Structures are given as C-alpha cells and as structure tokens.
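# Tertiary structure, described
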Amino acid sequence: METKRNLKYFTSKGINPVFIVGLVITAIGLILMIVPQTAPFGLVLALVGVGVAVFATGAKSGEAEIDNQLLGIIKDIPEQAMIKHEVYERSFNPIVKPIFLKGFDYRLEGVYCKKGPDYKFRTSAYNAAQLYFSREKIVVYGKHISLVDDSEGANYEIIGSALYEDVKEARIEETEFTLADGRKVPVYSFVLETKSGEKLVDFSVEYGADVDKAAADINHAVEKMTIKAMEKAADKAAKREALRRGEAIKYE
C-alpha cells in the first residue's frame, strides 16, 4: 500500500506548484529551441521541465491508483472467507446467494475525504466483506483497510458468524458526512445485527438497489431458516417425548 503517496492525495489542495514550475520550465525550453543558437540549451531545459512535472505528478497517488490498490486487496476476500470459515459451495444455502459488500468508510473518526475529477468521493479508509450462507448459519469475513496508515491497528479483519435463528435483521442506515466546505453528503451503512446486539456487519457501503436487495434477501432467508429450525427442534422434542413415554410403558 502506497500510504505516503495516498496521504498526499488526500491532503494536497489545488494545483501542485511544483507541477506548474515544471510546465513553465518546459515552455521556456521549447521557446529557446526555436532559435538555433539557443536550441541545445532549450532542449536540455525542456527535458528538465518535463522531469520536474513528471516528478510532481508522481509524488502522490491518483484516483485510478487508489482504486487499483483496493482492488488488489479485496479480490481475494471471497476465497479467504471460504477458507476462514470452512464453508464451500457444496454447503451453500440454495435460497440466498453469497453477498459481497464494499465501500469507503465515512464513519471513521478523522477520516480524509476527497472528490476526484470523476466526481466520485473517496475516503482514506475502506471496508469490504463477503457473506456466505450455509444451511445452518451466516458467516462473514472481510477487511478494514486504511489507505494512509499501514499499521496493524488501522488494518484488521472483519470476522463473524451466527445461526439464522439468532439473527435479528439486516438493514440500511442513513447518516450524513460533513465535507471540508461544510456541505453534507448522505452515507448509507449496511448493518447485520443479531438478537444479542452483536453487529456482524456495520459499515458504510456503495449504495444502490443491489444493497437494498441484499438486506431483503438476508431477512427472507433468516425468516425461512428460523421457521425450519423451530420445526426441526419441535420434531426432535416430540421424538424424545415419544421415546420417554415408550420407556415408561415398558417398565410398567
């Protein structure tokens, strides 16, 4: 992770003055190249200017570089989730498909935020998690990623699991993030909470119809699988009671 370059991306403001100096030097060099007597010196000056400009643009990360850094980290999460929880396709629940959640973290205290030329807001922290659904439980594995701090405390795993009957609900929570200029932007967080209050997932995500569908699919699966678990428990209890009665009659 290019944390130093990423930090410069989030903290730099306006046009890089070093880049401007490089352009000016390059322009002077090109002008001098027009005159035969100063052409050699102009060529050298132009090359120096280009070098300064390239150095200035390379001193900080760009939007594409940040996105690629994140992609390189999160692309293996689905496979890591299978290994971590020992849950594989043969044991997947057929009524709900695996869900992958991701998004920049707007809720971390002191997080940096910047709007790129692509009109997309990016922050200095990111979350991604894979949710798999077996026939008995929901498992979660993901990562919290800091783009500006490579310490273990700032980069950690998101791990959890719960039986369907222990899950309260999946929901979307809407809050606001205040930008440096005072403007507020809506932030949507995905929350998967158990009946005991534990939150298996609780972070801001890239919001869309797919996120709403993910919450609805989980709640549907929880409802169906909870009913099945209750029916199974009732059936076991009935069998135990029948066995107990049979044993009692046997010894009368």
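A brief report on the enclosed structure follows. These numbers come from a predicted model, not from an experiment.

### Observations concerning the overall build of the chain
- When you go through the chain residue by residue, the secondary structure sums to 6 helices and 9 strands.
- Here the chain holds 252 residues, and the buried ones make up 36% of them.
- Counting only contacts in the chain whose residues sit at least 6 apart along the sequence, the fraction spanning at least 24 positions is 60%.
- When the accessible area of the chain is evaluated, it comes to approximately 15,100 Å², of which 59% is carbon and sulfur surface.

### Concerning the pattern of salt bridges
- The full count for this structure, using the stated rule, is 12 salt bridges.
- In this structure, the salt-bridge partner of Glu173 is Arg171, at a minimum N-O distance of 2.9 Å.
- The network of salt bridges with shared partners includes Glu169, Arg171, Glu173 and Glu193.

### So, a nonpolar patch on the surface
- Together, Ile20, Leu23, Val24 and Ile28 give the surface a local cluster of nonpolar side chains, amounting to about 310 Å² of exposed area.
- In this structure, Val24 sits in helix α2 (residues 17–32).
- Classification of Val24 as partly exposed rests on a relative accessible area of 44%.

### Concerning the sheet that holds strand β8 (residues 184–194)
- Judged by pairing direction, the sheet is antiparallel, and its 3 strands sit side by side in the order β7-β8-β9 without closing on themselves. Since the sheet does not close on itself, it has two edges, and those belong to β7 (167–178) and β9 (199–204), each with one partner. Taking the axes of each pair of neighbouring strands and ignoring which way they run, one obtains an average angle of 15° across the sheet.
- As paired elements, β7 and β8 share 11 bridges and run antiparallel to each other. Looking at the pairing, Val167 lines up with Thr194 of β8.

### Overview of helix α1 (residues 3–11)
- Every buried residue belonging to α1 is among Thr3, Asn6, Tyr9 and Phe10, and all of these are buried. Angular distribution of buried residues about the axis of α1 spans 115°; they occupy a single face of the element.
- Where α1 is buried, its residues touch α4 (63–74), β2 (113–115) and β3 (121–123).

### Quick notes on the packing of aromatic side chains
- If you walk through the whole model with that rule in mind, you get 5 aromatic pairs.
- Lys114 extends its terminal NZ or CZ atom over the ring of Tyr9, reaching a point 4.6 Å from the ring centre.

### Some points on the packing of α1 against α4
- Packing of α1 against α4 brings their axes to within 11 Å, and their N-to-C directions diverge by 130°. Here α4 runs oblique to α1, going by the angle between their axes. In the crossing of α1 with α4, the sense of the turn from one axis to the other is left-handed. On α4, the residues that touch Arg5, Asn6, Tyr9 and Phe10 of α1 are Glu63, Glu65, Ile66 and Gln69.
- By residue class, the composition of the contact of α1 with α4 is 3 nonpolar, 2 polar and 3 charged.

### Some points on the pairing of strand β4 (residues 125–133)
- Counting buried residues in β4 gives 9 out of 9 residues, a clear majority hidden from the surface.
- The two faces of β4 match: Ala125, Asn127, Ala129, Leu131 and Phe133 on one face and Tyr126, Ala128, Gln130 and Tyr132 on the other face are all buried.
- Hairpin geometry of β4 and strand β5 (residues 137–146) is characterised by an intervening segment of 3 residues between the two adjacent antiparallel strands.

### Describing unusual backbone geometry
- A positive phi angle, close to 55°, is found at Glu86, a residue other than glycine.
- Here Glu86 is to be found in the loop between α5 (77–85) and β1 (99–104).
- What makes Glu86 exposed here is its relative accessible area of 63%.
- A positive phi angle, close to 65°, is found at Tyr119, a residue other than glycine.
- What makes Tyr119 exposed here is its relative accessible area of 67%.

Parameters and conventions
Residues numbered from 1 in each chain as written. Predicted model: local features only at pLDDT ≥ 70, side-chain atom pairs only at ≥ 80, totals over all residues. Heavy atoms only, no water. Helix = DSSP H or I, 4+ residues; strand = E, 2+ residues; numbered from the N terminus. Buried < 20%, exposed > 50% of the residue type's maximum accessible area, 1.4 Å probe, protein only. Contact = heavy atoms within 4.5 Å. Areas by Shrake-Rupley, 256 points an atom, 1.4 Å probe, with all protein chains shown as cover. Salt bridge = Lys/Arg side-chain N within 4 Å of Asp/Glu carboxyl O. Patch = residues over 30% accessible without salt bridge, like charges linked within 9 Å, V, L, I, M, F, W, Y side chains within 5 Å. Pairing = 2+ DSSP bridges. Axes fitted to C-alpha atoms, helices over the stretch in contact; angles between N-to-C directions. Arc of directions from axis to C-beta. Phe/Tyr/Trp six-rings, centres within 6.5 Å; stacked < 30°, edge-to-face > 60°. Lys NZ or Arg CZ within 6 Å of the ring centre and 35° of its normal. Parallel < 35°, antiparallel > 145°, perpendicular 65-115°, else oblique. Left-handed = near helix turned anticlockwise from the far one by under 90°. Nonpolar A, V, L, I, M, F, W, Y, C, P; charged D, E, K, R; others polar.

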